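Residues per chain, in single letters:
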Amino acid sequence: MEDTDPENLARFRRIGAHLRGLGLSAPSEFAVDESTGLLLLEDLGDTTLSRLLVDDHETARSAFEATAAMLPSLSAPPPAGLDAPDAAGMAQMVALTFDLLPESETLRNNLLPKLAEALATYAPGPPTLSLRDVHADNLIWLPDRTGDARVGLLDYQDAMLLPHGYDLASLLDDPRREVPKSWRESLVENWQRHAVLSLQRNLRILGIFHRLATQFGKPQYRTFLPRTRVLLTQAAEDLPSLRAPVDELLTRTEHWEAT
């Protein structure tokens, strides 16, 4: 791993040490050169959950279930110094999508307060450590290990303190791939909590993927926008106050799939 930003490197190492202290499979460190930002890490292999979804559906289901079972272990006291946005702060994380949409101030001022209210209503309780990018490309299946350690964890330097269930929404409602409906139904306990966290996450992703496709020369991200829109529609169905503004946003960003 190479990261020339000292703060990113320090955060990655601090969170990794915390995860290993919980008995989780964050890569072990073998050597570090902080002056160059180089970190020699354990190789957890290449059996990602995304690969299993394609090659071995039965094992993929076991791996997804193991990941969901592992996530509650993150409720242990977290490392210091992580951001912990409240409901209003989480709603503001979506603002970048509106920044990319001209003349959207009225819609922004309608949707974001309703999103904050829904987050406060349906996802209450103390925040917990969220790795945020808990999706199938960042998870390695390690069947030779036991318990929670069977799931290898990557890309956690952007961790924050967020409502319990955020990482489950990241796992199950990922725009890059479709998780079977039966798996979602068996792993989600509180659908409105799941819906509002999925909605917040994918409203932000809608803007991120559009920006990557149009401003950063990565047109492949445009292929994920239709799935992102499906997930947003699906989540809004369980959140009555957000159905209309989400529908309006999807209508006004429909052209993003083609530009």
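What counts and how
- Residues numbered from 1 in each chain as written.
- Predicted model: local features only at pLDDT ≥ 70, side-chain atom pairs only at ≥ 80, totals over all residues.
- Heavy atoms only, no water.
- Helix = DSSP H or I, 4+ residues; strand = E, 2+ residues; numbered from the N terminus.
- Expected span 1.5 Å × (residues − 1).
- Buried < 20%, exposed > 50% of the residue type's maximum accessible area, 1.4 Å probe, protein only.
- Contact = heavy atoms within 4.5 Å.
- Axes fitted to C-alpha atoms, helices over the stretch in contact; angles between N-to-C directions.
- Parallel < 35°, antiparallel > 145°, perpendicular 65-115°, else oblique.
- Left-handed = near helix turned anticlockwise from the far one by under 90°.
- Nonpolar A, V, L, I, M, F, W, Y, C, P; charged D, E, K, R; others polar.

1. Examining helix H3 (residues 57-70)
Across its 14 residues, H3 extends 20 Å between first and last C-alpha, which sits within 8% of the 20 Å expected from 1.5 Å per residue. Of all the residues in H3, the buried ones are Ala60, Ala63, Phe64, Ala66, Thr67, Ala68 and Met70. Contacts made by the buried residues of H3 are with helix H2 (49-55), strand S4 (139-141), strand S5 (151-153), helix H7 (166-172) and helix H8 (181-187).

2. Regarding the packing of helix H10 (residues 225-236) against helix H11 (residues 240-252)
With their axes 8 Å apart at the nearest point, H10 and H11 run at an angle of 160 degrees to one another. If you check the angle between H10 and H11, you find them roughly antiparallel. Judged by the twist between their axes, the crossing of H10 over H11 is left-handed. Counting all contacts with H10, which are made through Arg229, Leu232, Thr233 and Ala236, the residues of H11 involved are Pro240, Leu242, Arg243, Val246, Leu250 and Thr251. For the contact of H10 with H11, a count of residues per class yields six nonpolar, two polar and two charged.

3. Regarding unusual backbone geometry
We note that Glu103 has phi near 55 degrees; this positive angle belongs to a residue other than glycine. As for its position among the elements, Glu103 is in the loop between helix H5 (95-99) and helix H6 (105-122). A positive phi angle is found at Arg132, which is not glycine, with a value near 75 degrees.

4. As for the packing of H6 against H11
Orientation of H6 relative to H11, taken along the N-to-C sense of each, is 140 degrees, at an axis distance of 10 Å. Taken as axis vectors, H6 and H11 run oblique relative to one another. Both H6 and H11 take part in a crossing whose hand is left-handed. Residue-level inspection shows Leu107, Asn110, Leu111, Lys114, Leu115 and Ala118 of H6 in contact with H11, the latter providing Ser241, Leu242, Pro245, Val246, Glu248, Leu249 and Arg252. Here the contact of H6 with H11 is built from residues that sort into eight nonpolar, two polar and three charged.

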